Amino acid sequence: MILQDSRSDYDQLVRDLMEYKALRKDNEINNQLLKELVMKYSAAEQKLSLLNRELVRKQELLEEDLEAAAGIQQALLPKMPTSAEKLDIAWRFEPCEHVGGDIFNVFWLDDHRHLGCYVLDVSGHGVPAAMVTVSVSQMFQGENGGLTRRKQEEPPFYRLASPAEVLSMLDDAYPIERFDKYFTMTYLIIDTKDLRLQYSNAAHPPPLLLRKGIAPEPLKRGGTIVGMGGVIPFEDGQKTLAPGDKLILHTDGITEYQNREGTLFGDDRFHELLEQMKDRPVAELVKGVYEEFMSFGDGQKIQDDVTLLGFEFLL
């Protein structure tokens, strides 16, 4: 009986030793697995940290490129003084991103008598739209193949191309398929000596003529968007101006701006605001309209590029 009990105790001791050995082996395996997992996690963390640094650097480079692009686009804005004979000029230009699809310029077409001006709005915004604005702006640099002038045999051996002719040439040069983009545009010529205006709109918000005692008058002559291949011919409009008149050009980033409740700024509100401020000097008018515009949105970020350009015809 004593021998049997001793044998049983021995067997139990062997089993306990075997279980201890197995448990120890399991712990060694678990520790090894834990070490491997820690090493893999550490390597993954280092790789993730490296990728994050690379991503941050690429983002910084992208921001730098966008800043440079914005500088190029800003360089395309008017460089002339904000006044000319019988004329004051003011503007506000706010892209909704670094670069945008709005662009405008004011420039002399000859020896300080005829002033050319365009405002255009490319579909979309950001870099693709900005590329089109730069390309179109280059079309207006110098004589550039006769975009703004037509040759003739008699002195001064050229005539100014009408706004409708200019829009027609751009319509041929920028079919929608070229950039998968289209744009709306207003081009006008101001005779600063005789105060005469010639203009044409390519489906762009019409310029607004402000006169004492009269509601803002939209100047609507023109045609369809640029890029349709001449499906509807462009027409010229003409207007005789008078001292005290103001002319306002803009893009739809103003009228289509929405406040936090989703209410549009709208044409009626814009026209009413211009009517209220039309007796102010044009620089104050442009500044006041933009401030009221932003106040309407309570600081809400603009959803589209905004251009506001004003001319005042002086005594």
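Keep in mind it's a predicted model, so treat the numbers as computed, not measured.

Asker: I tried to follow the nonpolar core on my own but got confused; where do I start?
Answerer: Soluble, globular proteins show a tendency: their nonpolar side chains are buried together. If you look at the biggest cluster of nonpolar residues, it comprises 48 residues, and the most contacted ones within it are F140 and F311. Here F140 is in contact with F107, Y118, L147, T148, V166, L170, M185 and Y187, once residues within four sequence places are set aside. Core analysis: the second largest hydrophobic core is formed by 22 residues, L210, I254, F265 and F296 among them.

Asker: So what exactly am I meant to see when it comes to helix α3 (residues 163–173) here?
Answerer: For an α-helix, the turn length of 3.6 residues means that residues three or four places apart are oriented alike. Those residues of α3 not exposed but buried are P163, A164, V166, L167, L170 and D171. Considered in projection along α3, the buried side chains sweep an arc of 160 degrees and stay on one side of the axis. Looking at the buried residues of α3, the elements they touch are α2 (127–139), β7 (183–191) and β8 (196–202).

Asker: Would you take a moment to explain the pattern of salt bridges for this structure?
Answerer: When the charged atoms of two side chains lie near each other, side chains of opposite charge can form a pair. Within the structure shown, the criterion is met by 12 salt bridges. In this structure, the salt-bridge partner of E94 is R92, at a minimum N-O distance of 2.9 Å. By relative accessible area, which is 23% here, E94 ends up partly exposed. A salt bridge links R113 to D194; the nearest nitrogen and oxygen atoms lie 2.8 Å apart. With R113 in the loop between β3 (102–108) and β4 (114–122) and D194 in the loop between β7 and β8, this residue pair connects regions lying 81 residues apart in the sequence.

Asker: What should I look at first to understand the side chain of N201 in this one?
Answerer: Relative to the helices and strands, N201 is located in strand β8. Of the residues examined, N201 reaches a relative accessible area of 4% and is grouped as buried. A distance of 2.7 Å separates a polar atom in the side chain of N201 from a polar atom in the side chain of T186. Among residues more than four places away in sequence, those in contact with N201 are L167, M185, T186, P206, P207, L219, K220, R221, G222, G223 and F234.

Asker: Where do I start with helix α7 (residues 282–296) in this structure?
Answerer: In this model, α7 (15 residues) spans 21 Å end to end at C-alpha, consistent with the 21 Å of a helix rising 1.5 Å per residue. Buried-residue contacts for α7 involve β2 (87–94), β9 (208–211), β13 (246–250), α5 (252–255), α6 (267–277) and β14 (306–313).

Rules and cut-offs
Residues numbered from 1 in each chain as written. Predicted model: local features only at pLDDT ≥ 70, side-chain atom pairs only at ≥ 80, totals over all residues. Heavy atoms only, no water. Core = buried A, V, L, I, M, F, W, Y, C linked by side-chain atoms within 4.5 Å. Buried < 20%, exposed > 50% of the residue type's maximum accessible area, 1.4 Å probe, protein only. Contact = heavy atoms within 4.5 Å. Helix = DSSP H or I, 4+ residues; strand = E, 2+ residues; numbered from the N terminus. Arc of directions from axis to C-beta. Salt bridge = Lys/Arg side-chain N within 4 Å of Asp/Glu carboxyl O. Polar contact = N/O pair within 3.5 Å; in protein donor to acceptor, adjacent residues only side chain to side chain. Expected span 1.5 Å × (residues − 1).

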